[in-house]
Amino acid sequence: MGGRLFVMTGASGVGKGTVRAKVLERTRLFYSISMTTRPPRPGERDGVDYYFVDRATFEALLREDGFLEHAEYVGHLYGTPKAPVERALARGEDVLLEIEVQGALQVRKKVPEAVLIFLLPPSLSELKRRLVYRGKDAPEKIEKRLKQAEWEIRNAHLFDYVIVNDVLEEAVADFLAILTAERRRTPRMGPALERALKRDKDLEAELDEILRRSYGGTRD
Ligand code: 5GP
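Reading the values: rules and limits
- Residues numbered from 1 in each chain as written.
- Predicted model: local features only at pLDDT ≥ 70, side-chain atom pairs only at ≥ 80, totals over all residues.
- Heavy atoms only, no water.
- UniProt positions renumbered as here; feature names shortened; annotations may be inferred.
- Helix = DSSP H or I, 4+ residues; strand = E, 2+ residues; numbered from the N terminus.
- Buried < 20%, exposed > 50% of the residue type's maximum accessible area, 1.4 Å probe, protein only.
- Pairing = 2+ DSSP bridges.
- Contact = heavy atoms within 4.5 Å.
- Axes fitted to C-alpha atoms, helices over the stretch in contact; angles between N-to-C directions.
- Parallel < 35°, antiparallel > 145°, perpendicular 65-115°, else oblique.
- Left-handed = near helix turned anticlockwise from the far one by under 90°.

Novice: Mind showing me how you'd approach the UniProt feature "domain: Guanylate kinase-like" (unreviewed entry) in the protein chain here?
Specialist: As annotated in UniProt, the feature "domain: Guanylate kinase-like" (unreviewed entry) corresponds to residues 3-180 in the numbering used here. The distance from the first to the last C-alpha atom of residues 3-180 is 13 Å, and the span holds 44% helix and 22% strand.

Next comes the structure, spelled out in structure tokens:
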């Protein structure tokens, strides 16, 4: 049984990165590093946050069918390189993608058994508050992001799970609960079921001996 694909989506500013970092600290998941044509922000590292490439490099990989999904988002291309994800799944590892809505819906089509999780802000006004205090965006960009967020929230019904990121630790606990539930689905529990049916002759011989001594009338 291969690994499972988990996709996390949510509006800009909702706290996907923070939730993801906490989840990765607490469970084994292969995080897929996306490729993008967006220039790095201060502090971002190539090969850690993203693979930062030019448009020609991105389009060359696209022509080779090298992406599991891709999308254009506020003027830049973003995509999930297919090979590392397929290798991790084949090794039996669960994989996490953190991508926007269009990409998540492409994954749904290509990998119907993927688990789609939508991270929701408590409200659009709270999202606006977070964007304002983050101090990264000009006022007109904030309105654009809010419009985008509204559209994304209206598409949340296409996802399997919704988590409200109000209290961070609660959102992380919800995420881990979903992972655990998906990992306990019967088809993934095959090895445990097989183990449960095995009988250990030596252990049982010892137990039989105890039984014999207790109930066999040989007690002195
Ligand atoms: P940012 O530029 O703020 O890092 O990301 C912008 C948006 O692109 C976020 O919603 C992020 O989740 C999304 N994104 C990041 N990587 C990918 C990807 O590989 N594919 C798609 N479809 N979206 C991505």
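Novice: Quick question: what am I supposed to make of the pairing of strand β6 (residues 76-81) here?
Specialist: In summary, the side chains of a regular strand alternate between the two faces of the sheet. Of all six residues that make up β6, five are buried, and the element is covered over most of its length. Sheet topology note: the strand β3 (residues 35-36)/β6 ladder contains two bridges and is antiparallel. Bridged to M35 within β6 is G79. Joining the antiparallel neighbours strand β5 (residues 67-73) and β6 is a turn of two residues, in which V74 adopts a positive phi near 35 degrees.

Novice: Would you mind showing me how to read the sheet that holds β6 here?
Specialist: The strands making up a sheet are joined through hydrogen bonds of the backbone, oriented either antiparallel or parallel. Reading across from one edge, β4-β3-β6-β5 is the order of the four strands in this open sheet, with mixed pairing throughout. Since the sheet does not close on itself, it has two edges, and those belong to β4 (51-52) and β5, each with one partner. Here six bridges tie β5 to β6, and the two strands are oriented antiparallel to one another. In the strand pairing of β6, H70 is matched with G79. Strands in contact with helix α2 (residues 55-63) are β3, β5 and β6; relative to β5, the strand with the most contacts, it is inclined by about 140 degrees.

Novice: I'm lost on the packing of helix α1 (residues 16-26) against helix α7 (residues 168-183) in this one. Help?
Specialist: In helix packing, the relevant descriptors are the interaxial angle and the interaxial distance, both defined with respect to the helix axes. One way to put it is that α1 packs onto α7 with a least axis distance of 10 Å and a crossing angle of 55 degrees. Considering the angle they form, α1 stands oblique to α7. Relative to α7, α1 is oriented so that their crossing is right-handed. Along the contact surface, α1 presents T18, V19, K22, V23 and R26, while α7 presents L168, E169, A171, V172, F175, L176 and L179.

Novice: Where do I start with unusual backbone geometry in this structure?
Specialist: Negative phi characterises most residues that are not glycine, and trans characterises most peptide bonds. Located in the positive-phi region is D65, a residue other than glycine, with phi close to 60 degrees. Its location among the elements puts D65 in the loop between α2 and β5. Of the residues examined, D65 reaches a relative accessible area of 47% and is grouped as partly exposed. Of note, the phi angle at V74 is positive, near 35 degrees, even though the residue is not glycine. Mapped onto the fold, V74 is located in the loop between β5 and β6. With relative accessibility at 46%, the residue V74 sits in the partly exposed group.

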